[in-house]
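Analysis of the macromolecular model
As a plain string of letters, each chain reads:
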Amino acid sequence: QVQLVESGGGLVQPGGSLRLSCAASGSIFSISVMAWYRQAPGKQRELVASVSSASSPNYADSVKGRFTVSRDDAKKTVYLQMNSLKPEDTALYYCNADIRRTGSTFWLNYWGQGTQVTVSS
């Protein structure tokens, strides 16, 4: 079984910073794209940032210059460093990854359970 487990969410004041982590575990042969999505109350889930081993990171326009996505393939972990946080960044943040399991020839997409980020004074 493959799992994605997020951590690092919390309550922060506007202008503050948080670092989210997402660790993949289980019988994993390879991980392709790793990404962060978020969903605010009453809104659709949106892509925040993504990173693969073969290309530059990709960011939503709303977070460019403030958020940085990175990954540690040895630890099967993706990070999201969030700086200059704004109240509109408040959302449930989800980790997402395309994973090929050990012994399998195809790729599946997995989601974490989400971690809450609240930006408020």
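Look up: the structure comes first, before these words.
Residues numbered from 1 in each chain as written. Predicted model: local features only at pLDDT ≥ 70, side-chain atom pairs only at ≥ 80, totals over all residues. Heavy atoms only, no water.

Remember that side chains alternate between the two faces of the sheet whenever the strand is regular. Where burial is concerned, most of strand β8 (residues 77-82) is hidden: five out of the six residues are buried. Note: strand β3 (residues 18-25) against β8, six bridges, orientation antiparallel. Looking across to β8, one finds that L20 is bridged to L80. Between strand β7 (residues 67-72) and β8, which pair antiparallel and follow one another directly, the connecting turn spans four residues, one of which, K76, has a positive phi of 55 degrees. (Buried < 20%, exposed > 50% of the residue type's maximum accessible area, 1.4 Å probe, protein only. Helix = DSSP H or I, 4+ residues; strand = E, 2+ residues; numbered from the N terminus. Pairing = 2+ DSSP bridges.)

Attention shifts here to the state of the cysteines. The bond known as a disulfide is covalent and runs between the sulfur atoms of two cysteines. The final tally for this structure, using the stated rule, is one disulfide. Sulfur-sulfur distance for the disulfide between C22 and C95 comes to 2.1 Å. Around the S-S axis, the bridge from C22 to C95 shows a dihedral of about -80 degrees and counts as left-handed. Of the two residues, C22 sits in strand β3 while C95 sits in strand β9 (residues 91-101), which places them 73 residues apart along the sequence. (Disulfide = S-S within 2.5 Å.)

Here we come to unusual backbone geometry. Trans peptide bonds make up the majority, and among non-glycine residues the majority have a negative phi. Although it is not a glycine, K76 adopts a positive phi angle of roughly 55 degrees. Relative to the helices and strands, K76 is located in the loop between β7 and β8. Assessed through its relative accessible area of 28%, K76 is described here as partly exposed. Of note in this structure, S84 is not a glycine but carries a positive phi near 50 degrees. Residue position: S84 is located in the loop between β8 and β9. By relative accessible area, S84 is classed as partly exposed at 42%.

What follows covers the sheet that holds β7. If you walk across this open sheet you meet the four strands as β1-β3-β8-β7, and the pairing is antiparallel. Edge positions in the open sheet fall to β1 (3-7) and β7, since each of these has one partner strand only. Within this sheet the neighbouring strands show an average axis-to-axis angle of 15 degrees, counted without direction. (Axes fitted to C-alpha atoms, helices over the stretch in contact; angles between N-to-C directions.)

Evaluated as defined, the whole model comprises five salt bridges. Across the pair R38 and E46 runs a salt bridge, and its minimum N-O distance is 2.7 Å. Residue D89 is joined to R66 by a salt bridge in which the shortest nitrogen-to-oxygen separation is 2.7 Å. Of this pair, D89 sits in the loop between β8 and β9 while R66 is found in the loop between β6 (58-59) and β7, placing the two residues 23 residues apart along the sequence. Residue D89 is classed as buried on the basis of its relative accessible area, which comes to 0%. (Salt bridge = Lys/Arg side-chain N within 4 Å of Asp/Glu carboxyl O.)

A word on the side chain of R66. Its relative accessible area of 10% is what places R66 among the buried residues. Only 2.9 Å separates the side chain of R66 from the backbone oxygen of S62, close enough to count as a polar contact. In contact with R66, other than residues within four places in its own chain, are Q81, M82, N83, S84, L85, K86 and D89. (Polar contact = N/O pair within 3.5 Å; in protein donor to acceptor, adjacent residues only side chain to side chain. Contact = heavy atoms within 4.5 Å.)

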